[in-house]
Amino acid sequence: MKHLSRMLTLLFGSFVLMVMAGCTTSKSVVSQGADLSKYKYVALIDNDTYRMPPELVQYQIQLYDAVERSGLTLTNQYRIDRLTQREQASLLIATLGVDVSKEETVITVNFIDFDTNRPMVSCRGAYSTLGINEEADIKGAIKRVGEQISKTFNPNRPSESKVN
(Lines give C-alpha, C1' and ligand atoms only; values in the text may rest on other atoms or scores of the structure.)
Protein backbone atom coordinates (compact mmCIF):
# COMPACT_ATOMS: atom_id res chain seq x y z
CA MET A 1 0.00 0.00 0.00
CA LYS A 2 2.89 2.33 0.84
CA HIS A 3 4.43 1.63 -2.55
CA LEU A 4 1.17 2.49 -4.35
CA SER A 5 0.89 5.73 -2.39
CA ARG A 6 4.45 6.71 -3.38
CA MET A 7 3.76 5.90 -7.02
CA LEU A 8 0.58 7.99 -7.05
CA THR A 9 2.40 10.88 -5.36
CA LEU A 10 5.21 10.63 -7.91
CA LEU A 11 2.77 10.53 -10.83
CA PHE A 12 0.78 13.46 -9.47
CA GLY A 13 3.97 15.44 -8.88
CA SER A 14 5.14 14.73 -12.42
CA PHE A 15 1.79 15.83 -13.81
CA VAL A 16 1.89 19.10 -11.85
CA LEU A 17 5.46 19.71 -13.00
CA MET A 18 4.49 19.14 -16.65
CA VAL A 19 1.54 21.53 -16.38
CA MET A 20 3.69 24.18 -14.74
CA ALA A 21 6.43 23.71 -17.33
CA GLY A 22 3.99 24.45 -20.15
CA CYS A 23 3.06 27.73 -18.50
CA THR A 24 5.92 29.88 -19.76
CA THR A 25 5.42 33.53 -20.64
CA SER A 26 4.26 34.50 -24.12
CA LYS A 27 3.57 38.15 -24.79
CA SER A 28 3.61 41.01 -27.26
CA VAL A 29 5.04 44.47 -26.83
CA VAL A 30 3.77 47.28 -29.07
CA SER A 31 5.61 50.58 -29.43
CA GLN A 32 3.83 53.38 -27.64
CA GLY A 33 1.62 55.32 -30.04
CA ALA A 34 2.09 52.84 -32.89
CA ASP A 35 -0.72 52.79 -35.47
CA LEU A 36 -0.60 49.20 -36.70
CA SER A 37 -3.51 49.81 -39.09
CA LYS A 38 -1.19 51.77 -41.43
CA TYR A 39 0.82 48.65 -42.25
CA LYS A 40 -0.22 46.51 -45.22
CA TYR A 41 2.93 44.52 -46.04
CA VAL A 42 5.51 42.43 -44.22
CA ALA A 43 8.84 41.08 -45.45
CA LEU A 44 10.52 38.32 -43.46
CA ILE A 45 14.25 38.83 -43.27
CA ASP A 46 16.40 35.72 -42.96
CA ASN A 47 19.45 37.24 -41.26
CA ASP A 48 22.55 35.71 -39.69
CA THR A 49 20.89 35.33 -36.29
CA TYR A 50 18.23 33.01 -37.71
CA ARG A 51 19.39 29.75 -39.23
CA MET A 52 17.05 26.82 -39.77
CA PRO A 53 18.62 23.43 -40.49
CA PRO A 54 16.99 21.66 -43.49
CA GLU A 55 15.38 19.02 -41.29
CA LEU A 56 13.50 21.76 -39.45
CA VAL A 57 11.98 23.47 -42.51
CA GLN A 58 8.55 22.26 -41.39
CA TYR A 59 8.87 24.67 -38.46
CA GLN A 60 10.00 27.48 -40.75
CA ILE A 61 6.81 26.96 -42.77
CA GLN A 62 4.77 27.19 -39.57
CA LEU A 63 6.60 30.40 -38.60
CA TYR A 64 5.79 31.96 -41.97
CA ASP A 65 2.16 30.87 -41.52
CA ALA A 66 2.14 32.53 -38.10
CA VAL A 67 3.40 35.79 -39.61
CA GLU A 68 0.74 35.60 -42.32
CA ARG A 69 -1.89 35.49 -39.56
CA SER A 70 -1.06 39.16 -38.99
CA GLY A 71 -3.30 39.91 -41.96
CA LEU A 72 -0.39 41.67 -43.69
CA THR A 73 0.56 40.76 -47.25
CA LEU A 74 3.79 38.79 -47.27
CA THR A 75 6.37 40.12 -49.72
CA ASN A 76 9.81 38.78 -50.63
CA GLN A 77 12.72 40.52 -48.92
CA TYR A 78 14.56 40.73 -52.24
CA ARG A 79 11.66 42.50 -53.96
CA ILE A 80 11.17 45.35 -51.53
CA ASP A 81 12.71 47.74 -54.05
CA ARG A 82 9.85 46.90 -56.45
CA LEU A 83 7.30 48.32 -54.02
CA THR A 84 6.23 51.93 -54.55
CA GLN A 85 7.20 54.54 -51.97
CA ARG A 86 3.62 54.47 -50.68
CA GLU A 87 3.76 50.68 -50.29
CA GLN A 88 7.17 50.89 -48.60
CA ALA A 89 5.66 53.39 -46.13
CA SER A 90 3.22 50.64 -45.10
CA LEU A 91 5.87 47.91 -44.88
CA LEU A 92 7.10 46.13 -41.79
CA ILE A 93 10.29 44.09 -41.76
CA ALA A 94 9.97 40.93 -39.65
CA THR A 95 12.94 39.19 -38.09
CA LEU A 96 12.73 35.81 -36.43
CA GLY A 97 14.60 34.56 -33.41
CA VAL A 98 14.69 31.01 -32.07
CA ASP A 99 16.23 30.12 -28.72
CA VAL A 100 16.09 26.48 -27.65
CA SER A 101 17.30 25.59 -24.17
CA LYS A 102 16.57 22.80 -21.72
CA GLU A 103 14.33 25.14 -19.70
CA GLU A 104 12.18 26.42 -22.57
CA THR A 105 11.95 27.17 -26.28
CA VAL A 106 11.35 30.81 -27.18
CA ILE A 107 10.44 32.10 -30.62
CA THR A 108 10.40 35.83 -31.20
CA VAL A 109 9.05 37.72 -34.20
CA ASN A 110 10.03 41.39 -34.28
CA PHE A 111 8.30 43.82 -36.63
CA ILE A 112 10.31 46.89 -37.68
CA ASP A 113 9.08 49.94 -39.63
CA PHE A 114 10.82 49.89 -43.02
CA ASP A 115 11.11 53.68 -43.38
CA THR A 116 12.29 54.55 -39.87
CA ASN A 117 13.97 51.27 -38.87
CA ARG A 118 12.10 51.61 -35.56
CA PRO A 119 10.92 48.46 -33.80
CA MET A 120 7.12 48.57 -33.66
CA VAL A 121 6.08 45.16 -32.31
CA SER A 122 7.79 42.24 -30.64
CA CYS A 123 5.84 38.98 -30.27
CA ARG A 124 7.22 36.23 -28.05
CA GLY A 125 6.04 32.65 -27.87
CA ALA A 126 7.47 30.33 -25.25
CA TYR A 127 6.84 26.73 -24.33
CA SER A 128 8.52 24.08 -22.25
CA THR A 129 8.33 20.42 -21.36
CA LEU A 130 11.56 20.89 -19.39
CA GLY A 131 13.55 19.26 -22.16
CA ILE A 132 11.48 16.09 -22.22
CA ASN A 133 10.14 16.64 -25.76
CA GLU A 134 12.02 19.18 -27.89
CA GLU A 135 9.62 18.81 -30.83
CA ALA A 136 6.65 19.59 -28.58
CA ASP A 137 8.52 22.62 -27.22
CA ILE A 138 9.11 24.00 -30.72
CA LYS A 139 5.52 23.35 -31.82
CA GLY A 140 4.17 24.91 -28.64
CA ALA A 141 6.36 28.01 -29.01
CA ILE A 142 5.30 28.43 -32.68
CA LYS A 143 1.66 28.11 -31.71
CA ARG A 144 2.03 30.69 -28.96
CA VAL A 145 3.92 33.22 -31.08
CA GLY A 146 1.23 32.78 -33.76
CA GLU A 147 -1.44 33.54 -31.15
CA GLN A 148 0.45 36.65 -30.07
CA ILE A 149 0.75 37.86 -33.67
CA SER A 150 -2.97 37.30 -34.28
CA LYS A 151 -3.96 39.06 -31.05
CA THR A 152 -1.67 42.00 -31.78
CA PHE A 153 -2.57 42.65 -35.41
CA ASN A 154 -6.17 41.37 -35.32
CA PRO A 155 -7.44 42.20 -31.81
CA ASN A 156 -11.12 41.72 -32.76
CA ARG A 157 -10.63 38.35 -34.45
CA PRO A 158 -10.47 35.14 -32.40
CA SER A 159 -7.13 33.36 -32.48
CA GLU A 160 -7.00 30.55 -35.03
CA SER A 161 -3.54 29.20 -34.42
CA LYS A 162 -3.00 25.75 -35.91
CA VAL A 163 0.14 23.74 -35.38
CA ASN A 164 0.25 20.09 -36.37
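The structure displayed is predicted, hence computed values, not measured ones.

Engineer: Would you explain the nonpolar core in this entry?
Structural biologist: In globular proteins that are soluble, nonpolar side chains generally tend to be buried together. By size, the foremost hydrophobic cluster in this structure holds 24 residues, and its most contacted members are Val 67, Leu 92, Val 109, Phe 111, Ile 149 and Phe 153. Looking at this core, the elements with two or more residues in it are strand 2 (41-45), helix 2 (57-68), strand 4 (91-100), strand 5 (105-113), strand 6 (119-127) and helix 4 (134-153). Broken down by element, the residue count for this core peaks at six residues, all from helix 4. Aside from chain neighbours lying at most four places away, what touches Val 109 is Val 67, Ala 94, Thr 95, Leu 96, Val 121, Ser 122, Cys 123, Val 145 and Ile 149. Counting seven residues, the second-largest nonpolar core is a separate cluster that includes Ala 43, Ile 80, Leu 83 and Ile 93.

Engineer: Help me out: how do you make sense of the sheet that holds strand 1 (residues 27-30) in this one?
Structural biologist: In sheet architecture, strand pairing relies on hydrogen bonds along the backbone and comes in two forms, parallel and antiparallel. With respect to topology, six strands assemble into an open sheet ordered 1-6-5-4-2-3, the strand pairing being mixed. Of all strands in the sheet, those bounded by a partner on one side alone are strand 1 and strand 3 (73-75). Shown here is a sheet whose adjacent strand axes are inclined to one another by a mean of 25 degrees, direction ignored. Two elements, strand 2 and strand 3, share three bridges in a ladder whose sense is parallel. Opposite Tyr 41, over in strand 3, you have Thr 73 as the bridge partner. Against the sheet, helix 4 makes contact with strand 1, strand 4, strand 5 and strand 6, and its axis sits at roughly 145 degrees relative to strand 6, the strand it touches most.

Definitions and limits used
Residues numbered from 1 in each chain as written. Predicted model: local features only at pLDDT ≥ 70, side-chain atom pairs only at ≥ 80, totals over all residues. Heavy atoms only, no water. Core = buried A, V, L, I, M, F, W, Y, C linked by side-chain atoms within 4.5 Å. Buried < 20%, exposed > 50% of the residue type's maximum accessible area, 1.4 Å probe, protein only. Helix = DSSP H or I, 4+ residues; strand = E, 2+ residues; numbered from the N terminus. Contact = heavy atoms within 4.5 Å. Pairing = 2+ DSSP bridges. Axes fitted to C-alpha atoms, helices over the stretch in contact; angles between N-to-C directions.

Any functional reading would require information that these geometric values do not contain.
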